[in-house]
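Secondary and tertiary structure notes
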2 protein chains.
Amino acid sequence: MTALQMASNHPAPALNARRAWMATQNGPETLRTAGSVVQVAEGREIFAEGEDADVFFKVVSGVVRVCKFHSDGRRQIEAFHVAGDVFGFELSSERTLSAEAVSDCALISYRRRGIETLAQKDESITRQLFQYAMQNLAHAQSHALLLGRRGAGEKMASFLLSQAERSADGRTVHLAMTRQDIADYLGLTIETVSRSLSLLERRGIIVLTNIREVLLKKVDALEDMAA
Amino acid sequence: MTALQMASNHPAPALNARRAWMATQNGPETLRTAGSVVQVAEGREIFAEGEDADVFFKVVSGVVRVCKFHSDGRRQIEAFHVAGDVFGFELSSERTLSAEAVSDCALISYRRRGIETLAQKDESITRQLFQYAMQNLAHAQSHALLLGRRGAGEKMASFLLSQAERSADGRTVHLAMTRQDIADYLGLTIETVSRSLSLLERRGIIVLTNIREVLLKKVDALEDMAA
DNA sequence: CGCTTAATTGATCAGGGTCAATCGTGGTGG
DNA sequence: CCACCACGATTGACCCTGATCAATTAAGCG
């Protein structure tokens, strides 16, 4: 079984034959039939550093982390991708990063070669790909800026605000990832992440309703911290 | 006088036309006549956050820093761009970052609208733009990974190695930028940058021939540190 | 109801920031 | 030509934030 097949303990819905119909309805029309759906269970690897980068992915549902593993055992997370995001673009033919499912995921995989030939016929595909590349670029830049910030508090505030943007009401944040994931994304330790959240709660800026549910009570205070 | 014109105390060499020609010879044929050459003196602003992002640039010669200024006075440098690099791509119509000349620069500026219409006629331009976007993406990702690293030594080692890649022999690094620039790029202070370099020299890993010239004596030692 | 894993909290330590002094270098003018 | 000046870089002393080590609590799951 390959990494991209459904884990046996997670029933594969009979959607594969339907070719990502739901997902592509939200995406560009021209990509509708180009990809195939793939289900990935929580914690499973989607691709690994060093592999051949012959496909890229679009997230239908769930959360994906793209990360780098260092020789000393540390891990850095470059991005969390959610529904609508495209990831796995590579300039080289070899992967420079790994990707794993933070939660159970539905993805569409696109063959690079296939898309390239399609793009030659249809200019709107090229345009779409460019958009996705630019979105990834914008994210990577803002992530670099986030990591360059000094205090742990600044980082947490920025992180919570960016997560809230993805939320419907802009105040309720659902954390699909563990504290360790957050730590590896922010360049902190799990303990510092925990302490930062506790401190924010003690100051009345957030409420931790669940362990994975954060309610932002004072968005402006967070914005001041992240400034 | 606009920020993009040559400072009066820096004589504009009579090379402008030829400079542009040489630059575009290395680049895509189709971009040859699309841009106009611009000279920027050391320290001058190329564009600023909030401005209209109607043009982007290709570096012909010199070094450019792309950076963000924070309300508290701190500065973060997102990238140093050298000859052949393209910078100033934006997803939105408004600049999210600023750009300044680290040294005297020759740039080619391209109008976004103009290029877009050109790209509709010539598919190879689109391809080129995509390549440049992906190069910027790859850089931003590796920069984020760099900033996520723990020790100051690791950061300096990574930085020196990445600078050496741009060098001819891969061992001699010419630092166009100040220590402050390096600090703002690595998320460190000027003192820590200085100390890291001194330590590397005391350990015989590098030699600081000039204040702005570094000779890498033990590349493998640096690679171990950066691992 | 235990068992396992994640998260929180506490105590201590170290790396890098901050403040301050010195050194070095390049440019200017007497 | 050299003395002086200004700015960047280096070096030192001290402090503070976040890492590390360790213990406790909480939460899912069989």
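To start, this report covers the structure provided alongside it.

Cut-offs used in this document
Residues numbered from 1 in each chain as written. Chains lettered and ligands numbered in written order. Predicted model: local features only at pLDDT ≥ 70, side-chain atom pairs only at ≥ 80, totals over all residues. Heavy atoms only, no water. Axes fitted to C-alpha atoms, helices over the stretch in contact; angles between N-to-C directions. Helix = DSSP H or I, 4+ residues; strand = E, 2+ residues; numbered from the N terminus. Parallel < 35°, antiparallel > 145°, perpendicular 65-115°, else oblique. Contact = heavy atoms within 4.5 Å. Nonpolar A, V, L, I, M, F, W, Y, C, P; charged D, E, K, R; others polar. Buried < 20%, exposed > 50% of the residue type's maximum accessible area, 1.4 Å probe, protein only. Polar contact = N/O pair within 3.5 Å; in protein donor to acceptor, adjacent residues only side chain to side chain. Buried area = accessible area lost by both parts, 1.4 Å probe. Salt bridge = Lys/Arg side-chain N within 4 Å of Asp/Glu carboxyl O.

All names here are of chain A. Contact pair helix 4 (residues 152-166) / helix 6 (residues 190-202): the axes reach a minimum separation of 10 Å and the direction vectors enclose 75 degrees. Taken together, the axes of helix 4 and helix 6 lie roughly perpendicular to each other. When helix 4 is examined against helix 6, the residues Ala152, Met156 and Leu160 are found in contact with a partner set consisting of Thr192, Val193, Ser196, Leu197 and Leu200. Grouping the constituent residues of the contact of helix 4 with helix 6 by class yields 6 nonpolar, 2 polar and no charged.

Before going further, it helps to examine the environment of Ser92 of chain A. Residue and element names in this part refer to chain A. Inspection of the secondary structure assignment puts Ser92 in the loop between strand 6 (86-87) and strand 7 (98-101). Ser92 gets classed as partly exposed once you look at its relative accessible area, which sits at 35%. Each C-alpha atom, one on Ser92 and one on Asp52, is 9.1 Å from the other, the two residues being 40 residues apart in sequence. Residues in contact with Ser92, not counting those within four places in the same chain, are Ala53 and Arg112. Of note is the side chain of Ser92, whose polar atom sits 2.8 Å from the backbone oxygen of Glu94.

Listed per partner, the contact involves 35 residues of chain B and 36 residues of chain A. For the chain B and chain A pair, buried surface summed over both sides reaches about 3,300 Å², with 64% attributable to carbon and sulfur atoms. Looking at the side of chain B facing chain A, the largest losses of area belong to Arg74, Leu91 and Leu145 of chain B, adding up to 18% of the total buried there. Taking the shortest distance from any N to any O, the salt bridge between Glu154 of chain B and Arg74 of chain A comes out at 2.9 Å. Across the contact surface, chain B and chain A share 7 residue pairs in polar contact (both at pLDDT 80 or more). Elements with a contribution of two residues or more to the side of chain B that touches chain A: strand 5 (75-81) and helix 3 (123-148) of chain B. Looking at which element gives the most residues to the side of chain B that touches chain A, the answer is helix 3 of chain B, with 18 residues.

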